[in-house]
Amino acid sequence: MQIIKDSQQQHGLRHGDYQRYRGYCSRRLRRLRKTLGFKMGNRHKFTGKKVTEDMLTDNRFLLLVLMEAERAWSYAMQLKQEANTEPRKRFHLLARLRKAAKHGEQLERLCESRRVDAKTKLEAQVGGKPLSPRASAGHFHLLLELTKWCFVQAYTAYLVGMVQFELQAWKSAMEAFNKCKTIYEKLASAFTEEQAVLYHQRVEEISPNIRYCAYNIGDQNAINDLMQMRLRGGGMMAEKLEALITQTRAKQAATMSEVEWRGRTVPVKIDKARIFLLGLADNEAAIAQAASEETKERLYETLLAECRDTIQAVREEIKADSKQRERAVDGEATKISNLQYLHSYLTYIKLWTVVKRNESMAHVLQAKLKEPQMDENKRGPRPQDLIRLYDIILQSLAELCTLQGLEDDHTFQKEVSLKMLVYKAYRCFFIAQSYVLVKKWSEALVLYERVLKYAREVQSKAKNLNNSLKDLPDVQELITEVNAEKYSLQAAAILDTGDAIETPQQMQVKDNKPLCERLENFSLDPTILGKQPNLVQFPPEFQPIPCKPLFFDLALNHVAFPPLDDKVEQKGKGGLTGYIKGIFGFGS
């Protein structure tokens, strides 16, 4: 058990990586075969061998068979994860599980041989480590019982049970798992507390399979145990548990025909809506009983996913009847109205679930916010994170006010308005907390007064509404905390102003001149060390500068130019003689 547990935890199964563990088993098998000289042929030909009783001169031969079983089992679990998207791998999965069970039976036969004495059997059950003389004496009277209920038998029974479980042979699988569970319980009672922890863990891993088999055989009471197991996380059984719970609700939903909300009875004819509404109370009870915040968050997400699918189914039904709505008679008009009202009810469930989920997350962050920060380099929760959560809550409550069919329900509108006031007070409180962190005392004080205003308004309006504050945070507790924070804030503000450096009045800056204009005068200006120091004036002011001169030629209009007639060449009239000279080139 110790060998298997250490190997699984160190090589992938801590994160559910069965492929990595299978690779480790293959590498360890190769090392064992090489060390023992147990070769399966050569590089050209494979020759299969089996470990026989005559070979048991070294206990590592038993480890060889154990690793073969572990490799086949891990490959089967890997294929089980992949079979969700590739159903054909289920056949390969069954083959590997049968092979693992076959190796387990071989290991059991080898451990029952004469070459393995009683002491070796007992040593094998404590992880292959020899027992101390004191432990051997204390366990001597259990020697016969331990050799009967040995770990190898439990291991083989588990592998056989897994094969029958995948084949849906529920009775045979339950018998094998019960045998495995009984052996582990006996072994846990025989050893020390440290060694018994491993066997108790194995019993917890097998229990969901046993209850699942019992339910499929016909034990209706097993569904309650399976619901509790789902809260703790079903591991590899999680998907089967969800499918089984949905199947059980589908059988019970056949008797459900209507639902009542806000004084109105609405018929429910959509199967998906029936299944969801039937399991709503169970889901809310499971969330209330969740042991950890991670489990509660997972259950909230599951409930919201189911609610969204149900709303989509109702919306499609409404869309399908939209054409008949115009031609509907009175009876059918009522049916359409009922569908719209059912849609509003499911939307209310979704939005209120979002409110409760964010409120649960806010409680967790508030608790972490009050804890001292141990690591300064690690970013812890801040009030801004809570402000975001309360923004989502207020947005969901605002959508509740616009639900179709509830516009005239004044009681519902008043209840939602009251809830919005409560969450506004908490949101305003954490905004004030964020201002306190940056030492903006006046803004924080004003916001604390706003919180008290919201809280008193809630208390005055809650008197007229019965049970209106039942599922809401305690407003009186918020008032007490705000009063305490106000006194702390005033003290911090006084200390912050008292720590300021006292300087002579004549050395203080009395004007708003930037630093570049008063460099010749020494003065203390605390704004220089702030976030907006007054260094230069930006943008700079406009200054007058000389313009570029423009030149205009005004004298040109009064200038008289001299005549140039004598300079211009006069062309004379040549007549026919000039023409002839031009032809023959005499004149050129």
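Scroll up to find the structure.
Here's what I pulled together on the structure shown here. Nothing here was measured: the structure is a model prediction, and the numbers come from that model.

Some words on the overall build of the chain
Moving on, step 1. Tallying secondary structure elements over the chain gives 21 helices and 2 strands in all.
Moving on, step 2. Within the chain, buried positions represent 39% of all 588 residues.
Moving on, step 3. Here the analysis covers contacts within the chain between residues at least 6 apart in sequence; of these, 65% occur between residues at least 24 apart.
Moving on, step 4. When the accessible surface of the chain is split by element, carbon and sulfur atoms take 52% of a total near 37,500 Å².

Regarding the packing of helix H13 (residues 271-289) against helix H14 (residues 293-320)
Moving on, step 1. Direction vectors running N to C along H13 and H14 enclose 165°, while the axes themselves pass 10 Å from each other. Judged by the inter-axis angle, H13 sits roughly antiparallel to H14. In terms of crossing hand, the pair formed by H13 and H14 is left-handed. Residues Lys272, Ala273, Phe276, Leu280, Asn283, Ala286 and Ile287 of H13 form the contact with H14, whose own contacting residues are Lys296, Leu299, Tyr300, Leu303, Glu306, Cys307, Asp309, Thr310 and Ala313.
Moving on, step 2. Residues of the contact of H13 with H14, tallied by class, amount to 10 nonpolar, 2 polar and 4 charged.

Observations regarding the packing of aromatic side chains
Moving on, step 1. Taken as a whole, this structure holds 16 aromatic pairs when the rule is applied.
Moving on, step 2. Between Phe165 and Phe177, the ring centres sit 6.3 Å apart and the planes meet at 65°, which makes this aromatic pair edge-to-face. Here Phe165, found in helix H8 (residues 151-166), pairs with Phe177, found in helix H9 (residues 170-190); they are 12 residues apart in sequence, far enough to count as distant. There is no split in this pair, since Phe165 and Phe177 are both buried.
Moving on, step 3. The structure contains a cluster of three or more aromatic residues connected by ring pairs, namely Tyr390, Tyr423, Tyr426, Phe429, Phe430 and Tyr448.
Moving on, step 4. Taking NZ or CZ as reference, Arg202 lies 5.0 Å from the ring centre of Tyr158, over its face.
Moving on, step 5. Over the aromatic face of Tyr341 sits the side chain of Arg264, whose NZ or CZ is 4.5 Å from the ring centroid.

Digging into empty space enclosed by the protein
Moving on, step 1. Inspection of the entire model under this criterion finds 2 cavities of 30 Å³ or more.
Moving on, step 2. One number sums up the size of the largest cavity: a volume of about 60 Å³.
Moving on, step 3. Lining the largest cavity, in full, are Met1, Ile4, Gln8, Glu70, Trp73, Phe151, Tyr155, Tyr158, Leu159, Tyr184 and Arg202.
Moving on, step 4. Elements supplying a minimum of two residues to the lining of the largest cavity: helix H1 (2-10), helix H3 (60-82) and H8.
Moving on, step 5. Sorting elements by how many residues they give to the lining of the largest cavity places H8 first, with 4 residues.
Moving on, step 6. Per-class residue counts for the lining of the largest cavity are 8 nonpolar, 1 polar and 2 charged.
Moving on, step 7. Along the walls of the second largest cavity sit Val259, Glu260, Trp261, Arg264, Val266, Tyr341, Leu342 and Tyr345, which together make up its complete lining.

Things to note about the pattern of salt bridges
Moving on, step 1. On inspection of all chains with the given rule, the structure shows 15 salt bridges.
Moving on, step 2. Residues Arg262 and Glu415 are paired through a salt bridge, measuring 3.6 Å at the closest nitrogen-oxygen approach. Of this pair, Arg262 sits in the loop between strand E1 (258-261) and strand E2 (264-267) while Glu415 sits in helix H18 (residues 410-437), and the two are 153 residues apart along the sequence.
Moving on, step 3. Relative accessible area serves as the criterion here: at 32%, Arg262 is assigned to the partly exposed category.
Moving on, step 4. Given the relative accessible area of 21%, Glu415 is considered partly exposed.
Moving on, step 5. The residue Glu301 makes a salt bridge to Arg357 at a minimum N-O spacing of 2.8 Å.

Side note on the side chain of Ser434
Moving on, step 1. Along the chain, the position of Ser434 falls in helix H18.
Moving on, step 2. There is a polar contact of 2.5 Å between the side chain of Ser434 and the backbone oxygen of Ile431.
Moving on, step 3. When sequence neighbours within four positions are dropped, the list of residues in contact with Ser434 reads Pro383, Gln384 and Ile387.

Remarks on the nonpolar core
Moving on, step 1. By size, the foremost hydrophobic cluster in this structure holds 73 residues, and its most contacted members are Leu277, Leu342, Ile349 and Leu397.
Moving on, step 2. When residues of this core are traced back to their parent elements, those giving at least two are E1, H13, H14, helix H16 (330-370), helix H17 (383-400), H18, helix H19 (441-462) and helix H20 (475-498).
Moving on, step 3. Looking at this core, the element that brings in the most residues is H18, giving 14 residues.
Moving on, step 4. Two domains share this core, each providing at least three of its residues, namely domain 1 (256-323 + 338-370) and domain 2 (382-494).
Moving on, step 5. Once residues lying within four places of it in the same chain are set aside, the contact partners of Ile349 are Phe276, Leu277, Leu280 and Cys307.
Moving on, step 6. Counting residues in each nonpolar core, the second largest holds 62 residues, with Leu62, Val65, Ala76 and Ala101 among its members.

So, the side chain of Ser74
Moving on, step 1. Among the secondary structure elements, Ser74 is positioned in helix H3.
Moving on, step 2. Taking the relative accessible area as the measure of exposure, Ser74 reaches 0% and is therefore buried.
Moving on, step 3. Residues contacting Ser74, with those up to four places away along its chain left out, are Tyr18, Tyr21 and Arg22.

Considering H9
Moving on, step 1. End to end, H9 covers 30 Å across 21 residues, agreeing with the expected 30 Å (1.5 Å per residue, within 8%).
Moving on, step 2. By the burial criterion, the buried members of H9 are Trp170, Ala173, Ala176, Phe177, Cys180, Ile183, Tyr184, Leu187, Ala188 and Ala190.

What to know about a nonpolar patch on the surface
Moving on, step 1. Taken together, the side chains of Leu535, Val536 and Phe538 present a nonpolar region at the surface, about 340 Å² in accessible area.
Moving on, step 2. Looking at where Phe538 falls in the secondary structure, it is placed in the loop between H20 and helix H21 (575-584).
Moving on, step 3. Judged by relative accessible area, which is 74%, Phe538 ranks as exposed.

Remarks on the pairing of E1
Moving on, step 1. Side chains Val259 and Trp261 of E1 all project onto a buried face; the interleaved residues Glu258 and Glu260 project onto a face where none is buried.
Moving on, step 2. Taken together, E1 and the strand that follows it, E2, pair antiparallel across an intervening segment of 2 residues, in which Arg262 is found at a positive phi of about 55°.

Structural notes on a positive patch on the surface
Moving on, step 1. Together, Arg20, Arg27, Arg30 and Arg31 give the surface a local cluster of positive charge.
Moving on, step 2. Considering the arrangement of structural elements, one finds Arg27 in helix H2 (residues 18-36).
Moving on, step 3. When its relative accessible area of 38% is taken as the criterion, Arg27 is described as partly exposed.

Calculation notes
- Residues numbered from 1 in each chain as written.
- Predicted model: local features only at pLDDT ≥ 70, side-chain atom pairs only at ≥ 80, totals over all residues.
- Heavy atoms only, no water.
- Helix = DSSP H or I, 4+ residues; strand = E, 2+ residues; numbered from the N terminus.
- Buried < 20%, exposed > 50% of the residue type's maximum accessible area, 1.4 Å probe, protein only.
- Contact = heavy atoms within 4.5 Å.
- Areas by Shrake-Rupley, 256 points an atom, 1.4 Å probe, with all protein chains shown as cover.
- Axes fitted to C-alpha atoms, helices over the stretch in contact; angles between N-to-C directions.
- Parallel < 35°, antiparallel > 145°, perpendicular 65-115°, else oblique.
- Left-handed = near helix turned anticlockwise from the far one by under 90°.
- Nonpolar A, V, L, I, M, F, W, Y, C, P; charged D, E, K, R; others polar.
- Phe/Tyr/Trp six-rings, centres within 6.5 Å; stacked < 30°, edge-to-face > 60°.
- Lys NZ or Arg CZ within 6 Å of the ring centre and 35° of its normal.
- 1 Å grid on protein atoms, 1.4 Å probe; cavity = no way out; pocket = protein on both sides within 12 Å on 5 of 7 lines; lining within 4 Å.
- Points joined across faces, edges and corners; volume = space filled by probe spheres on them.
- Salt bridge = Lys/Arg side-chain N within 4 Å of Asp/Glu carboxyl O.
- Polar contact = N/O pair within 3.5 Å; in protein donor to acceptor, adjacent residues only side chain to side chain.
- Core = buried A, V, L, I, M, F, W, Y, C linked by side-chain atoms within 4.5 Å.
- Domains from an automatic or database assignment.
- Expected span 1.5 Å × (residues − 1).
- Patch = residues over 30% accessible without salt bridge, like charges linked within 9 Å, V, L, I, M, F, W, Y side chains within 5 Å.
- Pairing = 2+ DSSP bridges.
- Lys, Arg positive; Asp, Glu negative; His and termini not counted.
- Charge placed at Lys NZ, Arg CZ, Asp CG, Glu CD.

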